Amino acid sequence: MSLERENGAGRMRTVVTKSPEETVEFAAELAASLKGGDLIALVGDLGAGKTMFVKGLAKGLGVKDPQYVNSASFVVMKEYRGEKDLYHFDIYRLDSAGFSETVDYEKYFYGGGVTAVEWADRITELLPEEYLEVRVEYGEGDERKLTLRPVGKRFEDAGV
Ligand code: ADP
Ligand code: MG
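Given the structure is predicted, the values throughout are model-derived calculations rather than measurements. (Residues numbered from 1 in each chain as written. Chains lettered and ligands numbered in written order. Predicted model: local features only at pLDDT ≥ 70, side-chain atom pairs only at ≥ 80, totals over all residues. Heavy atoms only, no water.)

Moving on to the overall build of the protein. Regarding its fold elements, the protein presents 5 helices and 8 strands. Ordered by position from N to C terminus, the α and β elements of the protein give β-β-α-β-α-β-β-α-α-β-β-β-α. Residues classed as buried in the protein amount to 51% of the 160 residues present. For the protein, the share of sequence-separated contacts (at least 6 apart) that also reach a separation of at least 24 residues comes to 57%. Just so you have it, the protein exposes about 8000 Å², and 46% of that area is on carbon and sulfur atoms. (Helix = DSSP H or I, 4+ residues; strand = E, 2+ residues; numbered from the N terminus. Buried < 20%, exposed > 50% of the residue type's maximum accessible area, 1.4 Å probe, protein only. Contact = heavy atoms within 4.5 Å. Areas by Shrake-Rupley, 256 points an atom, 1.4 Å probe, with all protein chains shown as cover.)

Below you can see the structure in the form of structure tokens.
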């Protein structure tokens, strides 16, 4: 796994993982620095590794069986109990109008647990002022590039 700070942008961080396990471990470590009410906005193509990243968050948050974290796209939201709870959203089948009509999302986005949203770019206008965007992109073979972009003071300060 390699990690570097992007020149100029300063606050953006890029991480390259070489296996699903590395993505899980990276996300699990990141989860340790998260607080209740934090939101991770996951962006990237189908099969890139967004759900894998959420498994890692679950692991890091102390969810008992993180391997059971899987696609939430049919149910829109799944809630997992951990040391900190995890609210896992998947917007794949919805746009922001459909999403805001279907789900009482504010209760979660501003709730006591950590929120992870797959396909967060479909509901950009509904995201809170502060969140951490994680973009997952394909590389060669099992390589994936994770780009972390803090939005708002909370994540810039936290350096996560
Ligand atoms: P998404 O939720 O973005 O649609 P998933 O997390 O469900 O994607 O699937 C990612 C797929 O890519 C899994 O089959 C996983 O095993 C595979 N994969 C291969 N290399 C990696 C990697 N470095 N990080 C994450 N997933 C990887
Ligand atoms: Mg997914």
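We are not done yet, so read on.
Binding of the magnesium ion (ligand 2) to the protein goes through Thr51 (OG1) and Glu118 (OE), at separations of 2.1 Å. A residue pair is termed long-range when its members are at least 10 positions apart, and Thr51 in helix 2 (residues 50-60) and Glu118 in strand 6 (residues 114-118) qualify at 67 residues. (Donors = N, O, S within 2.8 Å, 3.2 Å for Na, K, Ca; no water.)

Glancing now at the pairing of strand 3 (residues 39-43). Burial analysis of strand 3 places 5 of its 5 residues in the buried class, the great majority of the element. Burial of the side chains of strand 3 extends over both faces: Leu39, Ala41 and Val43 are buried on one face and Ile40 and Leu42 on the other. In this sheet, strand 6 lies alongside strand 3 in parallel orientation, the contact comprising 4 bridges. By the bridge assignment for strand 6, Ala41 is matched with Val117. Where strand 3 lies against strand 7 (residues 131-138), 4 bridges are found, and the strand directions are parallel. For Ala41, the partnering residue across the bridge sits in strand 7 and is Glu133. (Pairing = 2+ DSSP bridges.)

In the region of ligand 1, 15 residues are neighbours, and Thr23, Gly47, Lys50, Thr51 and Asp142 sit closest. Ser19 places a main-chain nitrogen or oxygen 3.1 Å from a nitrogen atom of ligand 1. About the coverage of ligand 1: the protein hides 77% of its 570 Å² of free accessible area. If you list the elements that add at least two residues to the shell around ligand 1, you get helix 1 (20-31) and helix 2. Considering only residue class, the shell around ligand 1 consists of 4 nonpolar, 6 polar and 5 charged. (Near = heavy atom within 4 Å. Polar contact = N/O pair within 3.5 Å; in protein donor to acceptor, adjacent residues only side chain to side chain. Nonpolar A, V, L, I, M, F, W, Y, C, P; charged D, E, K, R; others polar.)

So, about helix 2. Counting buried residues in helix 2 gives 8 out of 11 residues, a clear majority hidden from the surface. Those residues of helix 2 that are buried are in contact with helix 1, strand 3, strand 5 (86-90), strand 6, strand 7 and strand 8 (144-151). Downstream of helix 2 by a residue or two, Gly62 has a phi angle that is positive, lying close to 80°.

Here we take up the packing of helix 1 against helix 2. Helix-helix packing: each pair is described by the crossing angle between the helix axes and the interaxial distance. Between helix 1 and helix 2, the shortest axis-to-axis distance is 7 Å and the interhelical angle comes to 45°. Comparing their axes, helix 2 and helix 1 come out oblique. Of the two possible hands of crossing, helix 1 and helix 2 adopt the one that is right-handed. In this structure, helix 1 uses Pro20, Thr23, Val24, Glu25, Phe26, Ala27, Ala28, Leu30 and Ala31 to contact helix 2, whose residues at the interface are Met52, Phe53, Lys55, Gly56, Leu57, Lys59 and Gly60. When the residues that make up the contact of helix 1 with helix 2 are grouped by side-chain class, the tally is 10 nonpolar, 3 polar and 3 charged. (Axes fitted to C-alpha atoms, helices over the stretch in contact; angles between N-to-C directions. Parallel < 35°, antiparallel > 145°, perpendicular 65-115°, else oblique. Left-handed = near helix turned anticlockwise from the far one by under 90°.)

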